[in-house]
Amino acid sequence: MMQATRGVRTASSGLKAFARAMSTRTHGNLADADRIFTNLYGEHDVGVKGAIKRGDWYRTKDLVLKGRDWIIDEIKTSGLRGRGGAGFPSGLKYSFMPTPDRKAPGQPSYLVINADESEPGTCKDREIMRHDPHKLIEGCLIVGSAMYAKAAYIYIRGEFVQEANALEQAVQEAYKEGLIGKNASGTGYDFDVYVHRGAGAYICGEETALIESIEGKQGKPRLKPPFPAQVGLFGCPTTVTNVETVAVCPTILRRGGEWFAGLGRKNNAGTKLFMISGNVNNPCVVEEEMSIPLRELIDRHGGGVIGGWDNLQCVIPGGVSVPLIPKHQCDDAIMDFDGMKDLHSGLGTAGVTVFDKNQDVIAGIARISHFFKHESCGQCTPCREGCAWMWNLMTRFTSGNAELREIDMLDEISRQIEGHTICALGDAAAWPVQGLIRHYRPEMEARIAQHKAALQEQEQTAQA
């Protein structure tokens, strides 16, 4: 009995040691064998023949014929979360689409791909569309079949001329090879893919504004409910999802959800396209394992901060719509959803913008405020008026021509916008300002004091 108890204790301690090891494991330095996007830099043939050589369109028929339940269950097992910014579990989202018995007779369903990549600092989807477009098209077919979708509409940003041309050529190739269209890939399933060019409005990255734009209306978000899975494109059930999210699905299904789930920390699974820009020696887009330390990401792939790590001032980790994090937090920051949440920021699109100590961070956030003021659709009063107020205040904070009490006023305005709009653009406009006040309030106060001192000196000089 004592030996059995000792054995249980030994097994228990072994499990605890394993759990500790897993929790402290450092992620990153993704092996080439685990890379999904094998032509990210356009070094190989972009066409359908090159894609097939790299493993795309391999036994696609078998994957489709496994059916809705298997496809969605594997995506759930993989732990894939949306790569467009929100991070919602993809398998769960896809399962919201109604089955034929829950729809009106003959009512179609649609898959819509959000390729309206318009956020500053974000440039990953364009690399997929111009260098690996067949991964996206194959993903549309497989994911679309799991939703019983009749067609996929890829809504691409109007400024992406080369990317749209490459994507349209890939779609034509796929039709010619019988991979999509009638009896797509020999599955007996008819599936069409359309490329729809937008007109350059950032707001059309919001799913319901995107749907409105495809329908030929002004790109303004809809009130929810009803949600797109109930009433979407042309009044039919629709799922709107990101380019990268769909493009990784065929590889996940071929290699198994457990493989993808084994990369990154729990609830932060898989590989991710990270974008590194700003004051680094090697700006780039790179596929890496989720949960890689921020410093390793910048040093290994971005060539390090210009002037060295000690010259780092702050980082915006997920596109300009998330709060910045200062250097002391960057030292140990983990690049995944939970790691950024712990720092009161967000992974967003994983567009990392690096500021060194030569940059005026107040002016940088003011420029971001101008962007959101310009891109607000004007439908919601808090966003329409509040974004303009924030930009006006930030412009004065840049020069220091402000009062100390206006810092709290700015914070209050941002919180009157946050959570009080139809879509998340209001939140996106508010968070960078809140991050600036949270971490750089002393610098804002010092600039105001410097401006007042300069004015007093000018007055004294004039009086003399």
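This is a predicted model, so every value here is computed, not measured.

Peer 1: I keep staring at the layout of surface pockets and nothing clicks. Help me out?
Peer 2: The gaps left among the atoms become clear once a water-sized probe is rolled over them. Taken as a whole, the second largest pocket encloses approximately 180 Å³ of empty space. Surrounding the second largest pocket, 14 residues form its lining, Lys76, Gly79, Leu80, Asn267 and Ala269 being those nearest its centre. Elements represented by at least two residues in the lining of the second largest pocket include exactly α4 (68–78) and α5 (90–95). For the lining of the second largest pocket, the element with the highest residue contribution is α5, accounting for three residues. Looking at side-chain class alone, the lining of the second largest pocket contains six nonpolar, four polar and four charged residues.

Peer 1: Explanation requested: the sheet that holds strand β5 (residues 271–278) in the structure shown.
Peer 2: In any sheet, the strands associate via hydrogen bonds between backbone groups, in a parallel or an antiparallel arrangement. One open sheet holds the five strands; their spatial order is β6-β5-β11-β8-β9, and the pairing between them is mixed. Only two strands of the sheet have a single neighbouring strand rather than two, namely β6 (284–289) and β9 (325–326). Where β5 lies against strand β11 (residues 351–356), four bridges are found, and the strand directions are parallel. Each bridged residue has a counterpart across the sheet, and for Gly278 the counterpart in β11 is Val354.

Peer 1: Explanation requested: the pattern of salt bridges in the structure shown.
Peer 2: The final tally for this structure, using the stated rule, is 32 salt bridges. The partner of Asp132 in a salt bridge is Arg54, with the nearest N and O atoms 3.3 Å apart. Within this pair, whereas Asp132 is found in the loop between α6 (125–131) and α7 (133–146), its partner Arg54 is found in the loop between α2 (48–53) and α3 (60–65), the two being separated by 78 residues in sequence. Owing to a relative accessible area of 1%, Asp132 belongs among the buried residues under this scheme.

Peer 1: How should I be thinking about the packing of helix α16 (residues 361–375) against helix α17 (residues 381–399) in this particular structure?
Peer 2: Packed helices, taken two at a time, are described by the angle their axes make and the gap between the axes. Relative to each other, α16 and α17 sit at 155 degrees, their axes nearing to 9 Å. Between α16 and α17, the interaxial angle falls into the category roughly antiparallel. Seen along the crossing, α16 lies across α17 with a hand that is left-handed. In this structure, α16 contributes Ile362, Ala363, Ile365, Ala366, Ser369, His370, Phe372 and Lys373 to the contact, and α17 contributes Cys387, Ala388, Trp391, Met394, Phe397 and Thr398.

Peer 1: Would you take a moment to explain the environment of Gln379 for this structure?
Peer 2: Turning to its location among the elements, Gln379 is positioned in the loop between α16 and α17. For Gln379, a relative accessible area of 35% puts it in the partly exposed group. Residues Gln379 and Phe397, spaced 18 residues apart in sequence, show a C-alpha to C-alpha distance of 27 Å. What Gln379 contacts, discounting residues up to four positions off in sequence, is Lys220, Pro221, Arg384 and Ile422. At a separation of 3.1 Å, a polar atom in the side chain of Gln379 contacts the main-chain carbonyl oxygen of Pro221.

Peer 1: Whenever I open this one, the sheet that holds strand β3 (residues 192–197) confuses me. Can you help?
Peer 2: One open sheet accounts for four strands, arranged β3-β2-β1-β4; its pairing is parallel. Edge strands, defined here as strands with exactly one partner in the open sheet, are β3 and β4 (238–242). This sheet shows a mean twist of 20 degrees between the axes of neighbouring strands, independent of strand direction. Looking at chain direction, strand β2 (residues 149–156) and β3 are connected through six bridges and run parallel. Residue pairing in the sheet places Ile156 in a bridge with Arg197 of β3. Contacting β1 (109–115), β2 and β3, α7 crosses the sheet at an angle of about 150 degrees to β1. Each of β1, β2, β3 and β4 touches helix α9 (residues 207–214); the most contacted strand, β2, lies at about 100 degrees to it.

Rules behind the numbers
Residues numbered from 1 in each chain as written. Predicted model: local features only at pLDDT ≥ 70, side-chain atom pairs only at ≥ 80, totals over all residues. Heavy atoms only, no water. 1 Å grid on protein atoms, 1.4 Å probe; cavity = no way out; pocket = protein on both sides within 12 Å on 5 of 7 lines; lining within 4 Å. Points joined across faces, edges and corners; volume = space filled by probe spheres on them. Helix = DSSP H or I, 4+ residues; strand = E, 2+ residues; numbered from the N terminus. Nonpolar A, V, L, I, M, F, W, Y, C, P; charged D, E, K, R; others polar. Pairing = 2+ DSSP bridges. Salt bridge = Lys/Arg side-chain N within 4 Å of Asp/Glu carboxyl O. Buried < 20%, exposed > 50% of the residue type's maximum accessible area, 1.4 Å probe, protein only. Axes fitted to C-alpha atoms, helices over the stretch in contact; angles between N-to-C directions. Parallel < 35°, antiparallel > 145°, perpendicular 65-115°, else oblique. Left-handed = near helix turned anticlockwise from the far one by under 90°. Contact = heavy atoms within 4.5 Å. Polar contact = N/O pair within 3.5 Å; in protein donor to acceptor, adjacent residues only side chain to side chain.

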